[in-house]
Amino acid sequence: MTVRPEELIFMMVDSDLGAHRGTQVQDLAELFQKARAGDVSAFREVIVQHQRQVFITALRLLGSLDVAQDATQEVFLRLHKYLHRYDSARKFSPWLYQMTVNVCRDLNRRRERHSMLSLEELRQNGESAELAGSVDLESALGRAEERHILAEALKILPQREREALVLRDIQGLPTRQVAHILGSSEATIRSQVSSARVKIKKFAERFLKEKP
Amino acid sequence: MSCENWRKQVALFLEGDVSGRKSNQVEKHLDICPACRRFAHELSQSQTVLKSLGHEAIDGKVFQAIQDRVIGELASGKAAASQRWWPSIAWNWGWTGVVTLGLLLLLGGLAFWRPFRETQPVSNNRLAGPAALPEKNSNGPTATEVRNRAAASSREFARAPTVIEKAGTVQKHRLGKTLRKPPDRSAESTVSTAEKLSSENGRPVGPQPGEGKASLEVAQVGSQEVKTGINPEAAVPEPLVIKLVTDDPGIVIVWLVDQNGGLRK
């Protein structure tokens, strides 16, 4: 069983909204207007509101925390550059997903495979101790292991299937919206998603059977 | 339908991705097929874990770092530089391929277009020779350019060990038809131009020391009968110069033939 240290971050206490959690969600159009006028704090607020959506999508598409961080940064820089192109009559979220998928495709071509670290090594080197906190170590590792297997399974999928599955099942978007974001037909998306779900299940099954 | 095919439908059915009629069919199959029922159960479990990947807790430091980096880039003004369109295109193989294809098409088009341009005026002036070409021609090379090429051809010919005493009558063979061009004075002007151009290049036209005894002058290329006066001791009878004009004005095939029909050496 292998797991990368970055996977362990997700077992920590949820504090992803950080200091901005209490910030009142402002109207997006107003934020865009201010950001276009050069208001950096307004654009920071845009980032805060959408960073999770972008980061999780990028992480599942790219499979690496570092590259996902780079991708998220790139998405927001690109967003800042093309703010003037945003049509307020349309929903912002699909446009941002589209941008995220495009950035991930670009990065996916360049990045190298990251080395894996076995879970056994993590157990031995004590890194897991700091994760445990007040939760039971074994159950935490069990859940992390399940998630890790599925996260690894995502990597074996062809890019198009992975994109469809991440947007449909992990981000929970309707098939029609996924088709729009990926520029495919709904029938194609359904076919890709169906195939990806079966492959993921088979991968997890095989992995668990091989486990001592 | 085999169970393998049913399972693709089951994978959609579990998440509500199939229509009502199809959904009923899947349900009926699951009722009668225990293997597919087990498959559906296991798949729903993996789907539960898969969906949980979207709800994982993420350390706030990760997001804080992203915000700081983005805002830092924007504040330092590097964003504009890093977002130029060309770096991403440079890494994009698709765009690289498109650009390469475009360049190849452009070069190919130019390669075909140039001979076409050169062919048009030459075909109109084929019998008149380069001396008759206008100095300014918007559709092809100028007369000066043609003369330059002729001068270069004559120099090449001068290096050959061919001995020519006197240029004969020039004939043109095209599509099996022999045309005879009456001599005129324009050839002499062409010769003088060629000589001038060659002299300017540091190499006079005509026999050079240590080279062949004679050379074919531009006047011959210009399809004219000209007495060059080169090598007066050379052979008799007078040779015939036969010039084959191709569609490419840069390619002119010239035969020197004795009047009895044999090729001169």
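Residues numbered from 1 in each chain as written. Chains lettered and ligands numbered in written order. Predicted model: local features only at pLDDT ≥ 70, side-chain atom pairs only at ≥ 80, totals over all residues.

(A) Local environment of the overall build of chain B. Helix and strand content of chain B: 10 helices and four strands. Contacts in chain B between residues at least 24 apart in sequence constitute 62% of all its contacts with a sequence separation of at least 6. (Helix = DSSP H or I, 4+ residues; strand = E, 2+ residues; numbered from the N terminus. Contact = placed C-beta atoms within 7 Å.)

(B) Just the nonpolar core, in detail. Of all hydrophobic cores here, the largest spans 52 residues; its most connected members are Ala58(A), Leu62(A), Ala68(A), Ala71(A) and Leu150(A). If you tally residues by element for this core, the top one is helix H3 (residues 40–62) of chain A, at 10 residues. Sequence-distant contacts of Leu150(A), defined by excluding residues within four places in its chain, comprise Ile200(A), Ala204(A), Ser46(B), Val49(B), Leu50(B) and Leu53(B). Counting nine residues, the second-largest nonpolar core is a separate cluster that includes Val10(B), Val26(B), Ala40(B) and Leu43(B). (Core = buried A, V, L, I, M, F, W, Y, C linked by C-beta atoms within 7 Å. Buried ≥ 20, exposed ≤ 12 C-beta atoms within 10 Å, placed from the backbone.)

(C) How the structure looks around the confidence of the model for chain B. All names here are of chain B. Within chain B, residue pLDDT values average 65, and 46% of them lie at 70 or more. Per-element mean pLDDT across chain B ranges from 41 in helix H10 (residues 218–221) up to 90 in helix H3 (residues 34–52). Note that pLDDT drops below 50 for residues 122–137; the model gives that stretch 36 contacts with residues more than four away or on any other chain. For the stretch residues 160–230, pLDDT sits under 50, and the model shows 165 contacts to residues farther than four places along the chain or on other chains. The ipTM, which scores confidence in the relative placement of chains, is 0.72 for this predicted complex, and the corresponding pTM is 0.53. (pLDDT = per-residue confidence, 0-100.)

(D) Geometry of the confidence of the model for chain A. Residues and elements named next belong to chain A. In the predicted model, chain A carries a mean pLDDT of 76, and the fraction of residues at 70 or more is 70%. Note on residues 1–24: pLDDT under 50 across the span, and 56 contacts to partners over four residues away in sequence or across chains. In the model, residues 114–138 has pLDDT below 50 throughout and makes 31 contacts with residues more than four positions away in sequence or in other chains.

(E) Focus on the pairing of strand S3 (residues 240–245) of chain B. All names here are of chain B. Both S3 and strand S4 (residues 252–257) contribute to a ladder of six bridges, which runs antiparallel. Note on S4: the bridge partner recorded for Ile242 is Trp255. The loop that links S3 with its antiparallel partner S4 comprises six residues. (Pairing = 2+ DSSP bridges.)

(F) Layout of the environment of Gln9(B). Residue and element names in this part refer to chain B. In this structure, Gln9 sits in helix H1 (residues 3–13). For Gln9, a count of 20 C-beta atoms within 10 Å gives the class buried. Gln9 sits 16 residues away from Gln25 along the chain, and the two C-alpha atoms are 9.5 Å apart.

(G) Inspection of the interface of chain B and chain A at higher detail. Residue-level contacts link 37 residues of chain B with 44 residues of chain A. Of all the elements in the fold, those that place two or more residues in the side of chain B that touches chain A are H1, H3, helix H4 (60–76), helix H5 (78–82) and helix H6 (85–91) of chain B. At 13 residues, the largest contribution of residues to the side of chain B that touches chain A is made by H4(B). When grouped by side-chain class, the residues that make up the side of chain B that touches chain A number 18 nonpolar, 10 polar and nine charged. (Nonpolar A, V, L, I, M, F, W, Y, C, P; charged D, E, K, R; others polar.)

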